[in-house]
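Understanding the architecture of this molecule
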Amino acid sequence: MNAPPPQVLTVATKPFADQRPGTSGLRKKTKVFQQPHYLANFVQSIFSSLEGFAGKSLVVGGDGRFFNREAIQIVLKMAAANGFGEIIVGRGGILSTPAASAVIRAERAFGGIVLSASHNPGGPEGDFGVKYNIGNGGPAPERITEAIFAHSKTLDSYKTTEAPDVDLDVLGETPLGGAKVRVIDPVAIYRALMESLFDFAAIRQMFRDGFSLKFDAMSAVTGPYAKAIFEEALGAAPGSVINGEPLPDFGGHHPDPNLVHAKHLYDLAMSDHAPDLCAASDGDGDRNLIIGRGQFVTPSDSLAIIAANAHLAPGYAKGIAGVARSMPTSRAADHVAEKLKIGLYETPTGWKFFGNLLDAGRVTICGEESAGAGSNHVREKDGLWAVLMWLNILAARKESVKEIVRAHWAEYGRNYYSRHDYEEVASDAADALIEDLRAKLPELAGKKFGALEIAAADDFAYKDPIDGSYSAQQGIRVLFADGSRIVYRLSGTGTSGATLRVYLERYEPDPTKQNMETQEALAELIVVAESLAEISRHTGRSRPSVIT
Ligand code: VG1
Ligand code: CO
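It should be emphasised that the depicted structure is a prediction, and the values quoted were computed from it without experimental measurement.

Our focus in this paragraph is unusual backbone geometry. Although it is not a glycine, Ser118 sits at a positive phi angle of roughly 55°. We note that Glu424 has phi near 50°; this positive angle belongs to a residue other than glycine. Checked against the element boundaries, Glu424 lands in strand S19 (residues 414-425).

So, on to helix H7 (residues 200-208). Here H7 has its buried residues at Phe200, Ile203, Met206 and Phe207. Each buried residue of H7 sits inside an arc of 120° when the element is viewed along its axis, so together they form one side. Among the structural elements, helix H6 (188-197), strand S10 (213-216), helix H8 (223-233) and helix H13 (383-397) are those in contact with the buried residues of H7. Two residues or fewer after H7 comes Gly210, characterised by a positive phi angle close to 110°.

A complete count under the given rule lists 4 cavities of 30 Å³ or more for this structure. In this structure, the largest cavity occupies an estimated 260 Å³ of space. Class assignment of the residues belonging to the lining of the largest cavity gives a composition of 3 nonpolar, 10 polar and 13 charged. Its boundaries defined by the atoms lining it, the second largest cavity holds a volume of some 100 Å³. Breaking the lining of the second largest cavity down by element, the ones donating at least two residues are strand S6 (127-133) and helix H5 (142-152).

Another point: the sheet that holds strand S15 (residues 322-326). Spatially, the 4 strands line up as an open sheet ordered S16-S15-S17-S18, and their pairing is mixed. The outermost strands of the open sheet, each flanked by one partner alone, are strand S16 (343-347) and strand S18 (372-375). With direction set aside, neighbouring strand axes in the sheet form an average angle of 15°. Sitting on the sheet, helix H10 (residues 299-309) touches S15, strand S17 (365-368) and S18, and the angle it makes with S17 is about 170°. Of the strands in this sheet, S15 and S16 touch helix H11 (residues 332-340), which is tilted by about 155° from S16.

Cut-off values and rules
Sequence order as written defines residue numbering, which begins from 1 separately in each chain. Written order determines the labels here, with chains lettered from A and ligands numbered from 1. This being a predicted model, a pLDDT of at least 70 is required before a residue's local features are given, and a value of 80 or more before pairs of side-chain atoms are given or counted; all residues contribute to the totals for chains, interfaces and linings. Calculated side-chain values reflect all of the structure's heavy atoms, with hydrogen atoms and water omitted. Only DSSP runs of H or I reaching four residues or more are called helices, and only runs of E reaching two or more are called strands; each is numbered from the N terminus. The buried label applies to any residue whose accessible area, calculated with a 1.4 Å probe on protein chains only, is under 20% of its type's maximum; exposed applies above 50%, and partly exposed to all values in between. Note that the arc is computed from the directions linking the helix axis to the C-beta atoms. Residue contacts follow a heavy-atom distance rule, with two residues in contact if any of their heavy atoms lie within 4.5 Å. Cavities and pockets were defined on a 1 Å grid built from protein atoms only: a cavity is a group of points that admits a 1.4 Å probe but offers it no way out, a pocket is an open group of points flanked by protein on both sides within 12 Å along at least five of seven lines, and a lining residue is one with an atom within 4 Å of any such point. Grid points are joined across faces, edges and corners, and a volume is the space filled by probe spheres set on the points. In this classification, Asp, Glu, Lys and Arg are treated as charged, Ala, Val, Leu, Ile, Met, Phe, Trp, Tyr, Cys and Pro as nonpolar, and every other residue, Gly included, as polar. What makes two strands pair is DSSP finding at least two bridges between them. Axis lines are fitted through C-alpha atoms, for helices just across the contact stretch, and the angle between N-to-C directions can take any value from 0 to 180 degrees.

Written out as structure tokens, the structure is:
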């Protein structure tokens, strides 16, 4: 007998005006996504922007936050109705962002939809998000996100399947309309990929010899991955992974692994019972935090140290082709690239800008100051990968994190670095601040502030060296004659008001001057940053809300 005809339903809808994807997909308050048709409209806009996927596979998963399961059902039914042949979904609707990228690549899927607002808080009063990843496993480039936005503005209907919900908790295949849904183990492909890149035997031996790790999954998506890899595969002591159960509201916490939201880890690392390594990742598992005993590693330094030591891991034993960093990320990695005589690429903020460089083989390692690091193994930043890379480096060098960091600074110089965030300021005020700065740009060069002299200032624009696409207005850069920098840009991931980010950097080659407290080392620049942009006049704030 023939299968019954797929139950495709066309639902009438009205466009929403606010569905332009930001730095990483569409992020809104959960309540906004829960409005009738809101999520469906955006998902239809994604499918309507794509061509040639009939009969092909789509990967779907999320970080498990509140509304994840309902959203997954909506996406599955719409993907089937729009003509995908197979939808691959992580059990329980779970896939970390890097695991989703790995699955898209391993399964040669057409693309994937990741449901996450990443490091933003979850829950009914928190945030939700959706991003589309292309066939290389990486975030859709601007060409596609802009097409999605264009569709969202004129959409008058979407397609879905009239069918009962799919059981997400049982592995295996279920028919859905004209497609099939395959529920997979969310960890297996990812774990095998990690085993292929790192020296698990050496890391296991290090744990056997007494090495101690505390990894905080922040009640977010990485818990099951971290337990499977650190505790089961590598033999870290039971309890090394904390907050390892994914919770819909992340236990009421803010799943952002920085010195504010993971301060307890910092305190532990600085205490006299500190483990050898403290680490964490964010809501969707793509960010990382690395703190050794008595030594915090800034994400920018971590990128540089990884680039300098990657050859110690089997997956990178032949060396790395090049390094890419987002523009506001410190130039610590530049010194490494120079020494290794490999390419260094400076891109706008957001992982989508690394995809072409990785695909073309120009770079192997990428990173962002916002706690993101990764490589050509997937097309997303990868929190656990960064922790494993550190474990591999520690096992190979048999030195402490502190010794490795200090030796790195002595060899390459130290880039003192900090980011000051002014959160939830009025959007008008933030826009005016940037506009005023932009207007001042032509007259900044040559200006002196004490010992600091501005060498150049611009509004960062990027021409992709592979496909020639152009992205303007990616942040205001003020470059000083001594190599210091101040960068100003507005966040593209927030969901209320605007967030002004001020990035501060100063280079110190002299090893006798590399032990200052960061804010102290940057004190003069902080004063200049205020006077150039008149932050307090524009925002009414006398100090940042978050310093990382
Ligand atoms: C922030 C970070 C950026 C990162 C993005 C997504 O963007 O600055 O480096 O790529 O978040 O990270 P913005 O526009 O708010 O500065 V994640 O872990 O939230 O997907
Ligand atoms: Co994230």
